[in-house]
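For reference, the chains in residue letters:
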Amino acid sequence: MNTIHDMGGMHGFGSLRLDIDEAPFHFDWERRMFAVQQATGRLGLWTIDMSRAEIEAIPAEEYLIDDDYFRRWVPRLEHFAVRYGLASVEEIAAGKALVPPRAGLVAAKPASVEQFVARGNSSMRPQAAPARYKVGDRVRARNYQPATHTRLPRYVRGRIGTIAIVHGVHVFPDTNCMGVEDRQWLYSVEFDGREVWGDTADPNVMICVDVSEPNISAAA
Amino acid sequence: MTNSDHNGHHDHAGDHSELSETEIRVRALESIFVSKGYVDPSTLDVIIDLYENKIGPKNGARVIVKAWTDPAFKQWLLTDGTAAVASMGYTGHQGEHIVVPENTPDVHNIVVCTLCSCYPWPLLGLPPSWYKSAAYRSRVVLDPRSILAEFGVTLPDTTKIKIWDSTSEMRYLVLPMQPPASIGWSEDKLIELVNRDSMIGTRMATDPATLS
């Protein structure tokens, strides 16, 4: 979806704030938000792409509040809580449980955290068909404007690049965001900076973007 | 919504006197989820401790030092980053698939996630604020030299800059160039040169002359 999250190439966000200390959390609520999100993710109710799609649906003016990454996690988890029957709007407003819990959910145990984090959750899947492209092939990124989640940034849509790496078969975000696991070859596609940004751009910049096979086509 | 959450407020866990709207909303979620049994409070403590105190850029630095001192490992790291870092125990959540591009005098690599803030957690921990900022995400793909300038890095115009936009579940770790003056140093000393930003590509490895 073409929302504020897709900000590659935009002007107007000013200088970097390198004066902010580099601790992972700056407020106790960030620490709590991070941990509650990680722990509720373990309930298995949503995929990573559903989770990203929810952030992308946040209106621009709210997304940019304090330019705070963890701040965006708050409305996301509130929306998920209501959608998946974890809490009602009334409970969220009241700040406490008012009705019995959704049945059948099991909280992640503290002793399970280390193993879960060490194992991760790979997006890679077995290869059912050969890759359509190989390193060095010229491809054009798909030009389309889905109103749903995609990991194809606007700045490369319609642009021609070269396959730099074949990453194997991975879950396809564009359908996984709707809870449908499709499996597609994934490539790193290298774009010349001038192809993306025009003739006046720095001739010595290249941008590599990971793109799923349905989102590229062969280019002459 | 308030714009004042970050203005003048500092981290004051336990101080309930002036809760922001954001704090109240986070507290509401946590409290409901705990009381309904979806979340074990001890699990929250373990998660916070892990990412605040245990997983951090020293992991990535150990990988870089091994690559600087062991040519066979370096070759493995560059051709199968996932297996190479897994051999050191640095695999897992938000780092399931690792690619390591190598900086050379001709090519300088920089990592970003323009769409959110993807970052190799098992190797570098959680990202710093600037990495997640709109300023960095928007500009580094369009004008990377201006970003490097803000970090005090100036490269020759002829050096190619390659930006890696983390738009999939692949995660990228830059192999910075080893400062020539540090050739032959012990691993313990070398690790002091591998600053976090050098593994993102926004700085070079630390100049040995600046170490005390």
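Note that the structure is predicted; figures quoted are calculated from it, not measured.

A. Fine view of the packing of helix H2 (residues 48-56) of chain A against helix H4 (residues 73-83) of chain A. Residue and element names in this part refer to chain A. Running from amino to carboxyl end, H2 crosses H4 at an angle of 120°, the nearest separation of the two axes being 9 Å. By the angle class used here, H2 and H4 are oblique. The hand of the H2/H4 crossing is right-handed. Every residue of H4 that contacts H2 at Ser-51, Glu-54 and Ile-55 is listed here: Arg-76, His-79 and Phe-80.

B. Structural view of the sheet that holds strand E4 (residues 205-212) of chain A. Within the open sheet, the 7 strands sit side by side as E5(A)-E1(A)-E2(A)-E3(A)-E4(A)-E3(B)-E2(B). Their pairing is mixed. Every other strand in the sheet has two partners, leaving strand E5 (216-218) of chain A together with strand E2 (107-112) of chain B as the edge strands with one partner each. Across the sheet, the mean angle from the axis of one strand to that of its neighbour is 35°, orientation sign disregarded. Both E4(A) and strand E3 (residues 160-165) of chain B contribute to a ladder of 5 bridges, which runs parallel. The partner of A:Ile207 across the bridge, within E3(B), is B:Ile163.

C. Highlighting the interface of chain B and chain A. If you look at the interface, chain B gives 75 residues, while chain A gives 82 residues. At the level of elements, helix H1 (21-35), helix H2 (41-54), strand E1 (97-99), helix H7 (129-132), helix H8 (134-139), helix H9 (144-150) and E3 of chain B are the ones that each hand at least two residues to the side of chain B that touches chain A. It is H1(B) that contributes the most residues to the side of chain B that touches chain A, 13 residues altogether. Taken together, the residues of the side of chain B that touches chain A break down into 32 nonpolar, 23 polar and 20 charged.

D. The arrangement of helix H1 (residues 28-41) of chain A in detail. Residue and element names in this part refer to chain A. The end-to-end C-alpha distance of H1 is 20 Å, a good match for the 20 Å that 14 residues give at a rise of 1.5 Å each. Of all 14 residues that make up H1, 11 are buried, and the element is covered over most of its length. Along H1, the residues classified as buried are Trp-29, Glu-30, Arg-31, Arg-32, Met-33, Phe-34, Ala-35, Val-36, Gln-38, Ala-39 and Thr-40.

E. Here's a closer look at helix H3 (residues 57-69) of chain B. Residues and elements named next belong to chain B. Taking 1.5 Å per residue, 13 residues should reach 18 Å; H3 reaches 18 Å between its end C-alpha atoms and fits that length. Of the positions making up H3, those classed as buried are Pro-57, Asn-59, Gly-60, Ala-61, Val-63, Ile-64, Val-65, Lys-66, Ala-67 and Trp-68. Structurally, H3 contributes buried residues whose contacts are with helix H4 (71-79), helix H5 (81-86), helix H6 (121-124), helix H10 (187-190) and helix H11 (196-200).

F. Local environment of the domain arrangement of chain A. Residues and elements named next belong to chain A. You can read the domains of chain A as domain 1 (28-119) and domain 2 (138-218). On the domain 2 side, the residues contacting the 6 residues of domain 1 number 6 residues. When the residues that make up the side of domain 1 that touches domain 2 are grouped by side-chain class, the tally is 2 nonpolar, 1 polar and 3 charged.

G. Representation of the domain arrangement of chain B within the structure. Split by domain assignment, chain B resolves into domain 1 (21-53) and domain 2 (56-210). Summarising the inter-unit geometry, the C-alpha centres of domain 1 of chain B and domain 2 of chain B are found 32 Å apart.

So, how was this worked out
Residues numbered from 1 in each chain as written. Chains lettered and ligands numbered in written order. Predicted model: local features only at pLDDT ≥ 70, side-chain atom pairs only at ≥ 80, totals over all residues. Axes fitted to C-alpha atoms, helices over the stretch in contact; angles between N-to-C directions. Helix = DSSP H or I, 4+ residues; strand = E, 2+ residues; numbered from the N terminus. Parallel < 35°, antiparallel > 145°, perpendicular 65-115°, else oblique. Left-handed = near helix turned anticlockwise from the far one by under 90°. Contact = placed C-beta atoms within 7 Å. Pairing = 2+ DSSP bridges. Nonpolar A, V, L, I, M, F, W, Y, C, P; charged D, E, K, R; others polar. Expected span 1.5 Å × (residues − 1). Buried ≥ 20, exposed ≤ 12 C-beta atoms within 10 Å, placed from the backbone. Domains from an automatic or database assignment.

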